Amino acid sequence: MAGGRRPAGLALGWGCCLLLCCAAASKLEISMPPEVEVELGGTARIECNFYIPENASYTYIDWFYVDRSNRQVRLYHITANGILEDDTDYRKRLSLGEDKALSLSEVTLQDPKVFMCQVGAGSYGMGENSTELSVYKLPTTPEIKPYAGGISVHSSDIPEIARCVSKNSLPAPNITWHKNGEQLHAGENKVSMPSTVIRESSGLYTVSSALLAPVTREDRHSRYHCSVHYVLRGQRRSLDSPPVQVNVFYPSENLNLKVMPSSTLVKEGDNVTLVCEADGNPPPVFSFFKKNLDVWQDVTSLAEPDSGVLRLHDVNKTSNGTYRCQSLDLDDMSQIEEDVDLVVNYIEGVHVKMEPSSTLREGDSVMLSCDAYSPVGLKYQWRDDKGKKLVEGNQLLVKNVTFEKSNTFSCKVMAPSVPGLEQSKKVSVAVEDKPRIVAISSPLYVRQDQVINLTCKAIAFPRPTIHWSINGTAHEYVDNQHVASNLTVRVSRELLRAGAMCHVSNRLGSSEEHIQLLVDQKSTAESQGVIIVAIIVAILVVAVLGAVIYFLHKKGKIPCGRAGKQDIARNTSI
């Protein structure tokens, strides 16, 4: 029995299934999307797809929308004979596609409704379906504004970090906050994010949110941003604001006082800058002090206002010492101090010793020794008066000193460890001897009554005096051990005959030279030639004048003699 029932039951089951399939295939079917989303101002397209068995044709197609009273309002009536558009508020914005899809342009905030499609198919009956139209407006990129002032790490209240605003969206989005890329959550570490949602008169929404959170010293580098989240066509999307930073106030933990340039390279005459830097925000108030013995002297008045910079100009060895920078944070009135030693390198007491120290005569030798003091190692160098290096070391042996050779030398003292630190000392080796005339203007060619300059130059030490054997205006010039005298005189017959004597003397002796004056023959000959030429020119002028008068007389142009007189008388009697 059981075995016979199973085939009968199986056959019955297949029969029922086949009956249901045939029934479904013989039924009018209408399919529409449950929801159509369109952006505000865009065009919504709502499709109505239907199936009529045996490829039968529809009798009519009607489009409706459901108003607030849940009443169906017809938009279109479509038959094989034509299309009838009902007079509704949508009339100017509606259109039908070739597939009988409904299009609504310039969608507004009042357009979200349920739209229905009804299809009549004669003997196959009538069927309908609906689609809900949703309108959205994408939110704008959120605007973020950090707190304009500074936020103290010692604030007793939870400070506001920033505010975030997203305008003109539909529906209202959500706002989240992020710090250094990580999302923040309300309630964690005293974080709160109060938000407000405002529906504008346009029907769009403005959403704002504030971030309140405590800050630490490390937050001076933190970057905050907000994100606006919304759903579009079933997918979650978001827009991020630009990242911002906030001004965090915190006291200084470290203080650094440095000398610029490096303290080991400072030399006398340099300009030195002491720079005090603290890691607090805002920068603290700086004060400067210099230690004199056991007392700290306030030198803040020398510093630049509202800065940690103290400038010392033209430093010297008295500028040496310990300097202190003190910072005062006004947020919590905490103080930090830092000291630095300023070392000013210098050279002083440069002097030259001569051996022997007694008076030198021509041909003698002398040893020059140079010495100086400095807290750093020194190097010596000798140069001549033209700057040429003579020898390295602090001693210079000068042999066979003379008047003619330059006896001026320079000792250059340098500190190799401190570039630019150097001093020089000049010394002149005096060679004593009686005067020697080294230049004189003789012989000198002159003319009588001419004003001339007579020159006499001598060398000697001690400084000699120069006397002339004639009167005139004298001018003396001294250059080290050289003495020169210029005498201005007028040439007379006596001066031409006797000449002039230059006498030079000091306590060691004297010397004299004779200046011979000679008549300048060339100038005299030139003068005589000029006179002869003048006489010849005068004679020629007289001869030419006589010839002209004689010629005029012959032509009768000039009445002369007795005949001329008679002619004149005859003309008068007439």
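Scroll up to find the structure this text is about.
Residues numbered from 1 in each chain as written. Predicted model: local features only at pLDDT ≥ 70, side-chain atom pairs only at ≥ 80, totals over all residues. Heavy atoms only, no water.

## Examining the overall build of the chain
Argument step 1. Counting secondary structure elements, the chain contains four helices and 44 strands.
Argument step 2. In the chain, buried positions account for 35% of the 574 residues.
Argument step 3. Sequence-distant contacts in the chain: of pairs separated by 6 or more residues, those separated by 24 or more amount to 59%.
Argument step 4. Split by element, the accessible area of the chain, about 34600 Å² in all, is 53% carbon and sulfur. (Helix = DSSP H or I, 4+ residues; strand = E, 2+ residues; numbered from the N terminus. Buried < 20%, exposed > 50% of the residue type's maximum accessible area, 1.4 Å probe, protein only. Contact = heavy atoms within 4.5 Å. Areas by Shrake-Rupley, 256 points an atom, 1.4 Å probe, with all protein chains shown as cover.)

## A closer look at the packing of aromatic side chains
Argument step 1. Applying the stated rule across the entire model yields five aromatic pairs.
Argument step 2. A centroid spacing of 6.0 Å and a plane angle of 80° characterise the contact between Phe-50 and Tyr-58, whose relative ring orientation is edge-to-face.
Argument step 3. On the basis of relative accessible area, Tyr-58 is assigned to the partly exposed category, the value being 25%.
Argument step 4. Taking the centre distance of 5.2 Å and the plane angle of 75° together, the rings of Tyr-65 and Tyr-90 count as edge-to-face. Separated by 25 residues along the polypeptide, Tyr-65 in strand β5 (residues 60-66) and Tyr-90 in the loop between β7 (82-85) and β8 (94-96) bring together distant segments of the chain. Here Tyr-65 matches Tyr-90 in class, with each residue buried.
Argument step 5. One aromatic cluster is present, formed by Tyr-65, Tyr-90 and Phe-115 through successive ring pairs. (Phe/Tyr/Trp six-rings, centres within 6.5 Å; stacked < 30°, edge-to-face > 60°.)

## A look at the pattern of salt bridges
Argument step 1. This model, assessed by the stated rule, comprises 23 salt bridges.
Argument step 2. Between Arg-74 and Asp-86 there is a salt bridge; the shortest N-O distance is 2.9 Å. Remark: Asp-86 occurs in the loop between β7 and β8 and Arg-74 occurs in strand β6 (residues 72-79); sequence separation between them is 12 residues.
Argument step 3. The class for Arg-74 is partly exposed, based on a relative accessible area of 27%.
Argument step 4. On the basis of relative accessibility, which here comes to 19%, the residue Asp-86 falls in the buried class.
Argument step 5. Here Lys-317 makes a salt bridge to Glu-348, at a shortest N to O gap of 2.7 Å. Of this pair, Lys-317 sits in the loop between β26 (309-312) and β27 (321-329) while Glu-348 is found in strand β29 (residues 348-355), placing the two residues 31 residues apart along the sequence.
Argument step 6. Looking at Lys-317, the relative accessible area reads 35%, which means it is partly exposed.
Argument step 7. Under the relative-accessibility criterion, Glu-348 is labelled partly exposed at 28%. (Salt bridge = Lys/Arg side-chain N within 4 Å of Asp/Glu carboxyl O.)

## Examining the sheet that holds strand β22 (residues 255-260)
Argument step 1. Strands sit in the order β22-β23-β26 across an open sheet of three strands; the sheet is antiparallel. Pairing within the sheet leaves two strands with one partner each, and these edge strands are β22 and β26. When the angles between neighbouring strand axes are averaged without regard to direction, this sheet yields 15°.
Argument step 2. Of the strand pairs in this sheet, β22 and strand β23 (residues 272-278) are connected by six bridges, and their pairing is antiparallel. Residue pairing in the sheet places Leu-257 in a bridge with Cys-276 of β23. (Pairing = 2+ DSSP bridges. Axes fitted to C-alpha atoms, helices over the stretch in contact; angles between N-to-C directions.)

## Some details on the sheet that holds strand β2 (residues 35-39)
Argument step 1. Strand order in the open sheet formed by six strands is β2-β11-β10-β5-β6-β7, with mixed pairing between adjacent strands. If you trace the sheet from one side to the other, it starts and ends with β2 and β7, each paired once. Between one strand axis and the next, the sheet turns through 20° on average, direction left out of account.
Argument step 2. The pairing of β5 with β6 spans seven bridges and is antiparallel. Considered in β6, the bridge of Val-66 is made with Gln-72.

## Side note on the side chain of Asp-62
Argument step 1. By secondary structure assignment, the location of Asp-62 is in strand β5.
Argument step 2. In this structure, Asp-62 is buried with no salt-bridge partner, the nearest side chain bearing the opposite charge being Arg-74 at 4.4 Å.
Argument step 3. Side-chain polar atoms of Asp-62 contact the side chain of His-77, separated by 2.5 Å.
Argument step 4. With sequence-adjacent residues up to four places away left out, Asp-62 is seen in contact with Arg-74, Tyr-76, His-77, Ile-78, Met-116, Cys-117 and Gln-118. (Lys, Arg positive; Asp, Glu negative; His and termini not counted. Polar contact = N/O pair within 3.5 Å; in protein donor to acceptor, adjacent residues only side chain to side chain.)

## Description of the side chain of Asp-111
Argument step 1. Relative to the assigned elements, Asp-111 resides in the loop between β9 (102-104) and β10 (114-120).
Argument step 2. In this structure Asp-111 comes out as buried when scored by relative accessible area, which is 2%.
Argument step 3. A polar contact is formed between the side chain of Asp-111 and the backbone nitrogen of Thr-108, at a distance of 2.7 Å.
Argument step 4. The residues contacting Asp-111, other than those within four sequence positions of it, are Tyr-90, Arg-93, Leu-104, Glu-106 and Leu-133.

## Things to note about the environment of Lys-379
Argument step 1. Topologically, Lys-379 is positioned in strand β31 (residues 379-384).
Argument step 2. Lys-379 sits in the partly exposed class, given a relative accessible area of 40%.
Argument step 3. Sequence spacing of Lys-379 and Ala-415 is 36 residues, and the spatial spacing of their C-alpha atoms is 6.2 Å.
Argument step 4. When neighbours within four sequence positions are excluded, Lys-379 is seen to be in contact with Glu-392, Lys-412, Val-413, Met-414 and Pro-416.

## Here we look at the state of the cysteines
Argument step 1. Within this structure, the stated rule accounts for five disulfides.
Argument step 2. Each disulfide pairs two cysteine sulfurs, and for Cys-370 the partner residue is Cys-411, the sulfurs being separated by 2.0 Å. What sets the handedness of the Cys-370 and Cys-411 disulfide is the S-S torsion sign, and at about -95° it is left-handed. With Cys-370 in strand β30 (residues 366-373) and Cys-411 in strand β34 (residues 408-414), the pair connects residues that are 41 residues apart, well separated along the chain.
Argument step 3. The exposure class assigned to Cys-370 is buried, which follows from its relative accessible area of 1%.
Argument step 4. Sulfur-sulfur distance for the disulfide between Cys-456 and Cys-502 comes to 2.0 Å. (Disulfide = S-S within 2.5 Å.)

## Comments concerning unusual backbone geometry
Argument step 1. With an omega dihedral of 0°, the bond running from Glu-355 to Pro-356 counts as a cis peptide bond.
Argument step 2. Looking at where Pro-356 falls in the secondary structure, it is placed in the loop between β29 and β30.
Argument step 3. Here the residue pair Ser-442 and Pro-443 is connected by a cis peptide bond, since its omega of -5° sits within 30 degrees of zero.
Argument step 4. Positionally, Pro-443 belongs in the loop between β36 (433-440) and β37 (444-446).
Argument step 5. Phi at Met-333 is positive, roughly 60°, even though this residue is not glycine.
Argument step 6. As for its placement among the helices and strands, Met-333 is situated in the loop between β27 and β28 (334-342).
Argument step 7. Under the relative-accessibility criterion, Met-333 is labelled exposed at 52%.

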